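Spelled out, the chains give:
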Amino acid sequence: MPANAAFRVDPSQTSAFKALAADAPASIADAGYVEPLRAVVIGGGTGAPVSIRSLLSLGIETSAVVAMADDGGSTGILREAANITPPGDVRKCIAAFAKNPDDPLVRAFKYRIEIANDHALGNLMLACLEDACGSFPEAIEICERMLGAQGHVYPSTLDHVTLAATTKDGRCLDGQAVACHSTTALQSVSLRSDSGAIEPYGPAIEAIMQADLIVLGPGSLFTSIIANLLVPGIVDAIRASNAATLFVCSVADTQGETWGLSAKEHIEALFDHGMEGLLDYALIHSKVPLRAESPATTSFIAVSGEEGIHTSTADLEDRELARSVRPVSVSYADVMAVQAQGPICISRDLTDAKHPTWHSPGALRSSILQVVKLMQARRDKGESCRSPLT
């Protein structure tokens, strides 16, 4: 942490990175993979860095495709005042790719500077480099080189876009910052650009097309994950790729955009925004194991890491589940309903022991490793990643 109170860093990233470094090493070789595995994380800057670090720690070649609708905080001020491409989520993902998170330059890159209107130094660097180079991708590449990034960050589009949302009670909201703090859950979101048509960023499309594994999240469902899917060409690239797709569902309600939505409703929102038929795995937090009263009769089964019987988390008090934090609810019936539509659901206790709204990096890494094992099992059978298990 900074020694000077005028500077501060994002505590979630710092804790997550240190937790992964302290864990016993693991790799995709443990899952039987002998060839390089390429992954793309699709999301924003809050949850995506944990997926990035988890994938890198498994020896997986990783890149990230990042939403460009952010208009809050330091990013929003810079975007409005200087008409630049939103740097905030890109900054967080670049820092996640840094080979040595403890390097002074990496740490300074993450600083928020109170005496400079709380701007993040990385945001200012990206903004200034974009102006100096005349190119946001070139600004990203320079920062990646400076920080020794182990992978690449791609904006989903270079167009300056604005997110619009409709809530479940019928209100229309304008802007990402307004939408994510909605007083009721969102029903749908869309993107618009003042310049007209929205074009995808070519290298982002290429990275998705070449991936073996596409990880959606964790992060804000509508304003970070789905905001990428709304860019024309992104969903088409996912469909055309041979990659397996994994959705990492939030562990708890922290923003109004998904307030009260169950894990099943999170997944249905993805389906409603282009991912129907394209989702292979869903990783869902459950403090207790999910089991039916009788053995499942379908070919898909919920995968749980612990023994025990419980059909739902919805009837458990928040304090019993996650220290007074409201978890995203999940039931056995919901899992079966989701799996009937194709995805394999994996339920785990995913919360960080000290911060129940965060994913535990170790739990996320072990869960990703399990997905890789499932992918390998299908490959051994000569099946496509999207072939139904029999």
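Model, not experiment: these values are computed from the prediction. (Residues numbered from 1 in each chain as written. Predicted model: local features only at pLDDT ≥ 70, side-chain atom pairs only at ≥ 80, totals over all residues. Heavy atoms only, no water.)

### Brief notes about the overall build of the chain
What the chain contains, in helices and strands, is 15 helices and 14 strands. A separation of at least 24 residues holds for 72% of the contacts in the chain among residues at least 6 apart in sequence. Accessible surface computed for the chain: about 16,100 Å², of which carbon and sulfur atoms make up 51%. (Helix = DSSP H or I, 4+ residues; strand = E, 2+ residues; numbered from the N terminus. Contact = heavy atoms within 4.5 Å. Areas by Shrake-Rupley, 256 points an atom, 1.4 Å probe, with all protein chains shown as cover.)

### Concerning the nonpolar core
Residues Leu213 and Leu270 are the most contacted members of the largest nonpolar core, which totals 109 residues. In terms of residues, this core owes the most to one element, helix α15 (residues 361–380), which gives seven residues. Apart from residues lying up to four places away in sequence, Leu213 is in contact with Arg38, Ala39, Val40, Leu55, Ala243, Ala244, Leu246, Ile368, Val371 and Met375. (Core = buried A, V, L, I, M, F, W, Y, C linked by side-chain atoms within 4.5 Å. Buried < 20%, exposed > 50% of the residue type's maximum accessible area, 1.4 Å probe, protein only.)

### Things to note about the packing of aromatic side chains
Under the definition given, this model contains one aromatic pair. For the ring pair Tyr154 and Tyr201, a centre distance of 6.5 Å and an interplane angle of 45° mean the geometry is tilted. A residue pair is termed long-range when its members are at least 10 positions apart, and Tyr154 in strand β6 (residues 152–155) and Tyr201 in the loop between β9 (186–193) and α9 (202–210) qualify at 47 residues. Just as Tyr154 is buried, Tyr201 falls in that class too. (Phe/Tyr/Trp six-rings, centres within 6.5 Å; stacked < 30°, edge-to-face > 60°.)

### Comments concerning the environment of Pro232
Locating Pro232 in the fold gives a position in the loop between α10 (221–229) and α11 (234–240). The spacing of Pro232 and Ile198 is 34 residues in sequence and 6.8 Å in space, taken between C-alpha atoms. The contact partners of Pro232, leaving out residues within four places of it in the chain, are Ile198 and Pro200.

### Remarks on the side chain of His119
Mapped onto the fold, His119 is located in strand β5 (residues 119–120). You can call His119 buried: its relative accessible area is 9%. Within the structure, His119 has its side chain in polar contact with the side chain of Ser74 (distance 2.7 Å). Once residues lying within four places of it in the same chain are set aside, the contact partners of His119 are Ser74, Ile77, Leu78, Tyr111, Arg112, Ile113 and Leu124. (Polar contact = N/O pair within 3.5 Å; in protein donor to acceptor, adjacent residues only side chain to side chain.)

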